[in-house]
Amino acid sequence: MAARTLYDKLVDTHVVRNLDDSGLVLLYVDRTVLNEYTSPQAFAGLRAAGRKVWNPKAALMVVDHVNPTAAQRTRAMPDRGAARQVDYFAENARDFGIEYFDILDPRQGIEHVVAPEQGLVMPGMVIAAGDSHSTAYGAFGALGYGIGTSDIEHYLATSTVRYRRLKTMRIHLTGEAPLGVTPKDIVMEVIRRIGADGATGYAVEFSGPVVSNMSVEGRIVISIMIVEAGARGVVIAPDQKVLDYLKGRPRAPKGEMWEQAARSWLILASDPDARFDREIALEVSEVAPLVTWGTSPDQAIAVTETIPDPGQQAAPEREAAARRALDYMGLTPGLPIQSVPIDFAFIGSCTNARIEDLRDAAEIFRGRRVADGVRAIVVPGSTQVRAQAEAEGLAKMFTEAGVEWRQSGCSMCLAMNDDVLKPGQRCASSTNRNFEGRQGPGARTHLMSPAMVAAAAVTGRITDVRSLLAGARQ
Amino acid sequence: MIPFGQVTGVAAPMMAPNVDTDVIMPKMFLKGVDRSGLGEGAFNLLRFSGGKPNADFILNREGYRDANFLVVGPNFGCGSSREHAVWGLQQLGIRALIGTSFAGIFNDNCANNGLLTISLDADVVAELARVVADSSRNDVTIDLAAQSVRFDRGRRSIGFDIEPDRKEAFLTGRDFIASTLVFADDIRAFEARHRAENPWIV
């Protein structure tokens with residue numbers, strides 16, 4: 001058989017049947033996670049057609065997008081729309097027999113944090129879910145990707161989706177990341193190089209020594225964020241680190257079954273001579289901490305740089321977009337990005353609210369104070385991450401620095417709850433979208449790593465985190 | 001899904017790159033459990049400011065208020081998976097989008113709802129956008145059966161590609177779930193084999 005990529009192998013092992021001669025297949029999907037805002041119309045569709053869920057055990061329902069993150073948590077939802085969505089969500093869980101983590105469940109959290117935490121994401125699986133950041137699951141050697149509500153309904157009714165094979169792209173990462181440069185910075189560097197549509201139509205495999213050396217959590221960060229370059233699926237070959245992460249998790253196999261699973265997982269990889277439709281290589285030793293200046297995730301610069309001149313964009317539409325972005329962001333070309341003051345600092349989201357992210361941020365907050373006039377909040381990715389951060393003493397470092405320590409949820413990543421910026425407010429954010437209006441109408445978002453957000457919070461302006469790191473302080 | 005045959009109407013140029021689903025359907029309109037009210041939400045922060053129509057926005061301008069098609073820039077529909085963006089465009093009266101590339105989830109969402117997306121070369125899209133920017137020449141006819149876009153008062157016609165299966169679905173307005181359930185036995189057989197090979201998957 002011809003050499004195949006890991007992506008091809010995962011698709012091949014999940015094809016129920018071909019639907020035509022041009023590569024359209026009926027693809028079996030092993031698992032989904034549902035949230036309260038992209039699922040209601042799917043359940044309504046099932047109800048209207050009198051259909052059942054094919055395999056209720058393969059789904060998990062978690063409230064994460066609309067819930068408040070106030071320190072004292074109750075089941076009450078602040079607005080009527082959110083309350084209705086959560087009520088309907090619970091009703092659907094009950095009526096269709098799907099497991100449900102409600103807001104007070106100790107396993108609650110952002111779906112992409114919770115599913116791995118519970119051991120629900122295993123190598124070799126195909127996982128599709130109603131959230132674009134479902135590429136997260138690629139970090140485990142599963143094929144993860146996002147779907148819309150119609151496809152959720154199709155999945156629930158059939159355990160399959162109609163699927164057309166993607167082109168394949170390999171992003172090979174070599175070298176050694178300098179001090180202060182995180183997986184977030186590496187993936188932001190890839191995105192600014194290939195553009196916000198650079199991976200549109202592709203499934204991406206990350207490879208190389210940087211990936212091998214990266215923690216599973218770091219791999220989740222790059223798998224999630226590369227969707228901002230348009231990637232429609234991510235895979236990373238599983239290794240011992242993935243096994244170590246999974247072993248002992250609530251839903252991971254145990255005993256002899258674990259041994260059998262582990263053997264089959266460790267051989268999952270692209271064949272050495274597999275060909276990819278596109279290859280990208282990045283040497284990470286020259287990557288610096290990155291910050292976005294515009295309203296698309298590819299509009300980013302190193303923290304040491306100045307705001308670029310839109311006139312240097314090649315295409316007229318790109319130039320117009322850059323001018324519009326600068327106008328929206330209230331910035332001018334030539335301005336050092338480090339001179340830009342912030343009003344708000346947000347550490348949270350499926351991209352960067354795992355325990356490692358909170359440790360990175362706490363390291364910067366330790367012994368410092370949030371600058372006057374800045375409001376900073378930390379929203380852990382799950383209730384379990386929150387408990388761990390408290391046990392490790394991180395929460396105390398946050399609160400002593402004047403940072404608000406919150407309950408878990410998506411919160412200010414898309415601001416569907418009551419954590420919303422006011423028009424014109426400028427936020428240093430560990431999220432992965434800086435779109436117009438994303439964090440509130442007129443809100444200005446600068447994407448960066450959690451440690452960079454912490455650095456901005458304590459100085460009151462966008463700051464090179466390297467100047468605050470212990471090793472750099474002479 | 002809504003069937004699509006031949007549709008004639010007005011096309012509005014909207015050539016900015018990377019128009020994301022947050023812009024197409026802002027979060028304030030996502031608190032429903034059905035599809036109602038999304039026409040108001042579509043491009044809401046661009047269409048209105050301070051409760052009044054924003055005169056600069058293309059869909060508020062004379063000749064484009066009842067547009068049926070959008071001629072769009074690259075990577076239209078990037079970002080969040082929210083299908084509300086597609087439902088809102090449809091409720092606004094949009095039947096097709098013509099551009100160079102569409103973001104993946106958004107493109108599938110369009111296909112699942114009968115909102116036609118047509119991908120053409122960049123120079124062709126730019127030419128079409130130039131022509132329809134003249135509001136006296138912004139009539140366009142999309143004939144799916146013939147796979148053609150006629151514009152400039154019928155003087156010009158360009159062909160487009162579409163996968164046969166997708167074309168068939170658009171023409172008939174097919175229920176994809178019903179078509180898949182025809183293969184229920186195949187799914188069950190697959191499932192039995194797959195679970196035997198991977199017994200840790202429930």
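Every residue gets a number counted from 1 within its own chain, in the order that chain's sequence is written. To read the labels, note that chains go from A and ligands from 1, taken in the order they are written. Residues qualify for local features only when their pLDDT is at least 70, as the model is predicted, and side-chain atom pairs are given and counted only at 80 or more; totals for whole chains, interfaces and linings, by contrast, use all residues. Hydrogens and water are ignored here; the side-chain numbers use all heavy atoms of the structure.

Engineer: I tried to follow the sheet that holds strand 1 (residues 15-18) of chain A on my own but got confused; where do I start?
Structural biologist: Paired through backbone hydrogen bonds, the strands of a sheet run either parallel or antiparallel to each other. All names here are of chain A. Taken in spatial order, the 3 strands of this open sheet run 1-2-8, and their pairing is antiparallel. The open sheet has two edge strands, strand 1 and strand 8 (160-164), and neither has a second partner. Each strand of the sheet is rotated relative to its neighbour by a mean of 30 degrees, with strand direction disregarded. In the sheet, strand 2 (residues 24-28) pairs with strand 8 via 5 bridges, with the strands oriented antiparallel. Two strands pair under a simple rule: DSSP has to find at least two bridges between them. Strands are runs of DSSP state E lasting at least two residues, helices are runs of H or I lasting at least four, and both sets are numbered from the N terminus onward. Every axis in this analysis is a line fitted to C-alpha atoms, fitted for helices over the stretch in contact. Angles between the N-to-C directions lie between 0 and 180 degrees.

Engineer: Any chance you could explain the pairing of strand 1 (residues 6-14) of chain B here in plain terms?
Structural biologist: Each regular strand displays side chains that alternate between the two surfaces of the sheet. All names here are of chain B. With 5 bridges joining them, strand 1 and strand 7 (residues 139-143) adopt antiparallel strand pairing. The partner of Q6 across the bridge, within strand 7, is D143. With 4 bridges connecting them, strand 1 and strand 4 (residues 69-72) associate as parallel partners. Within strand 4, the position partnered with P13 by the bridge is V71.

Engineer: Looking at this model, I keep getting lost on the UniProt feature "binding site: [4Fe-4S] cluster" (unreviewed entry) in chain A. Mind explaining?
Structural biologist: All names here are of chain A. The positions that UniProt labels "binding site: [4Fe-4S] cluster" (unreviewed entry) are, in the present scheme, C350, C410 and C413. Spanning 64 residues, the annotated positions come together in the fold, the maximum distance between their C-alpha atoms being 8.6 Å. Inspection of the secondary structure puts C410 in the loop between strand 17 (404-405) and strand 18 (426-429). Take C413: its relative accessible area is 7%, and that puts it in the buried class. In this structure, C413 is in contact with F346, S349, T431, R438 and Q439, ignoring residues within four places of it in sequence. UniProt positions are given in the numbering used here, feature names are shortened, and annotations may be inferred rather than shown by experiment. Relative accessible area decides the class of each residue, using a 1.4 Å probe on protein chains only: under 20% of the type maximum gives buried, over 50% gives exposed, and in between gives partly exposed. Residue contacts are counted whenever heavy atoms from the two residues lie within 4.5 Å of one another.

Engineer: What is the right way to read the domain arrangement of chain A from this model?
Structural biologist: Interfaces are often sized by the amount of accessible area the parts lose when they come together. Residue and element names in this part refer to chain A. Taken as a whole, chain A is organised into domain 1 (6-279) and domain 2 (291-471). As used throughout, domain bounds are those supplied by an automatic or database domain assignment. Of note, the centres of domain 1 and domain 2, computed from C-alpha atoms alone, are 25 Å apart. Each side of the interface is counted separately: domain 1 has 44 residues, and domain 2 has 48 residues. Here's the idea: put two parts together, see how much 1.4 Å probe accessible area each one loses, and the total over both is what we call buried area. Between domain 1 and domain 2 the total buried area reaches about 3,700 Å² when both faces are included, carbon and sulfur atoms providing 55% of it. Of all residues in domain 1, the largest losses of buried area upon contact with domain 2 belong to T69, I110 and R192, amounting jointly to 17% of the total for that side. The rule for a salt bridge is simple: a side-chain nitrogen of Lys or Arg has to be within 4 Å of a carboxyl oxygen of Asp or Glu. In this structure, the connection of domain 1 to domain 2 is made through 3 salt bridges. R318 is the salt-bridge partner of D197, the closest N and O atoms lying 3.8 Å from each other. For this analysis, a polar contact is any N or O atom pair within 3.5 Å, provided that within protein one partner can donate a hydrogen and the other can accept it, and provided that sequence-adjacent residues contribute only side-chain to side-chain pairs. Across the domain 1-domain 2 interface, the total number found is 27 residue pairs in polar contact (both at pLDDT 80 or more). Taken together, the elements giving at least two residues each to the side of domain 1 that touches domain 2 come down to helix 4 (111-117), helix 6 (183-194) and helix 8 (216-225). Per-element accounting of the side of domain 1 that touches domain 2 gives the leading share, 6 residues, to helix 8.

Engineer: Got a minute to help me understand the sheet that holds strand 15 (residues 344-347) of chain A in this structure?
Structural biologist: All names here are of chain A. Pairing is parallel in the open sheet, where 5 strands are placed in the order 17-16-15-18-19. Where the open sheet ends on each side, the last strands, each with one partner, are strand 17 and strand 19 (444-447). Across 4 bridges, the pairing between strand 15 and strand 16 (residues 375-378) is parallel. Paired with F346 across the bridge in strand 16 is I377. The strands touched by helix 15 (residues 450-459) are strand 15, strand 16 and strand 18; relative to strand 15, the strand with the most contacts, the crossing angle is about 155 degrees.

Engineer: Hey, could you run me through the environment of K9 of chain A in this one?
Structural biologist: All names here are of chain A. When you line up the elements, K9 lands in helix 1 (residues 6-12). Judged by its relative accessible area of 15%, K9 falls in the buried class. Note: C-alpha distance between K9 and G437 (428 residues apart in sequence) is 40 Å. Those residues in contact with K9 that lie beyond four places of it in its chain are R4, A269, S270 and D271.

Engineer: Explain unusual backbone geometry to me, please; I cannot follow it from the model alone.
Structural biologist: Excluding glycine, most residues fall at negative phi; most peptide bonds, likewise, are trans. We note that S159 of chain A has phi near 60 degrees; this positive angle belongs to a residue other than glycine. When you line up the elements, S159 of chain A lands in the loop between helix 5 (149-158) and strand 8. For S159 of chain A, a relative accessible area of 1% gives the class buried. Of note, the phi angle at N18 of chain B is positive, near 55 degrees, even though the residue is not glycine. The buried category is assigned to N18 of chain B, whose relative accessible area is 12%.

Engineer: What am I meant to see in the interface of chain A and chain B here?
Structural biologist: Between chain A and chain B, the residue contacts involve 74 residues of the former and 57 residues of the latter. Summed over both sides, the interface between chain A and chain B buries roughly 5,400 Å², with carbon and sulfur atoms accounting for 58% of that surface. Of all residues in chain A, Q41, W54 and R162 of chain A give up the largest surface area on contact with chain B, accounting jointly for 12% of the area buried on that side. Our count for the contact surface shared by chain A and chain B stands at 7 salt bridges. One salt bridge connects R232 of chain A with D108 of chain B, and the closest N-O pair in it is separated by 2.9 Å. Applying the counting criterion to the chain A and chain B interface returns 26 residue pairs in polar contact (both at pLDDT 80 or more).

Engineer: Sorry if this is basic, but what is going on with the UniProt feature "domain: Aconitase A/isopropylmalate dehydratase small subunit swivel" (unreviewed entry) in chain B here?
Structural biologist: This chain's UniProt record puts "domain: Aconitase A/isopropylmalate dehydratase small subunit swivel" (unreviewed entry) on residues 4-121 of chain B. Within the segment residues 4-121 of chain B, helix and strand shares are 25% and 21% respectively, and the terminal C-alpha atoms sit 23 Å apart.

Engineer: Just to check I follow, could you spell out the packing of helix 2 (residues 40-49) of chain A against helix 5 of chain A for this structure?
Structural biologist: Relative placement of two packed helices is described by the angle separating their axes and the distance separating the axes. Residues and elements named next belong to chain A. Contact pair helix 2 / helix 5: the axes reach a minimum separation of 8 Å and the direction vectors enclose 50 degrees. With respect to their mutual orientation, helix 2 and helix 5 come out oblique. Taken as a pair, helix 2 and helix 5 cross one another with a handedness that is right-handed. Residues Q41, A42, F43, G45 and L46 of helix 2 pack against T149, I152, E153, L156 and A157 of helix 5. All amino acids are sorted into three groups, where Ala, Val, Leu, Ile, Met, Phe, Trp, Tyr, Cys and Pro are nonpolar, Asp, Glu, Lys and Arg are charged, and the leftover types, Gly among them, are polar. Looking at the contact of helix 2 with helix 5 residue by residue, the classes come out as 6 nonpolar, 3 polar and 1 charged. When an angle is under 35 degrees it counts as roughly parallel; over 145 it counts as roughly antiparallel; between 65 and 115 it counts as roughly perpendicular; any other value is oblique. Here a crossing is taken to be left-handed if its near helix is turned anticlockwise relative to the far helix by less than a right angle, and right-handed if that turn runs clockwise.

Engineer: Looking at this structure, how should I read helix 7 (residues 164-172) of chain B?
Structural biologist: One turn of an α-helix holds 3.6 residues; hence residues three or four places apart share an orientation. Inspection of helix 7 of chain B places D165, K167, A169 and F170 of chain B among the buried residues, and these make up the whole buried set. On its buried side, helix 7 of chain B packs onto strand 2 and strand 8 of chain A together with helix 5 (104-113), strand 6 (116-119) and helix 8 (176-181) of chain B. At the exit of helix 7 of chain B stands G173 of chain B, carrying a positive phi of roughly 65 degrees.

Engineer: Help me out: how do you make sense of the state of the cysteines in this one?
Structural biologist: Disulfide: a covalent bond formed between the sulfur atoms of two cysteine residues. Two cysteine sulfur atoms form a disulfide, by the criterion used here, when they sit within 2.5 Å. If you walk through the whole model with that rule in mind, you get 0 disulfides over all chains. Looking at C427 of chain A, it has no disulfide partner, and the nearest cysteine sulfur is the one in C413 of chain A, 11 Å off. Relative accessible area serves as the criterion here: at 0%, C427 of chain A is assigned to the buried category. Of all cysteine sulfurs, the one in C78 of chain B lies closest to C110 of chain B, which takes part in no disulfide; the gap is 13 Å.

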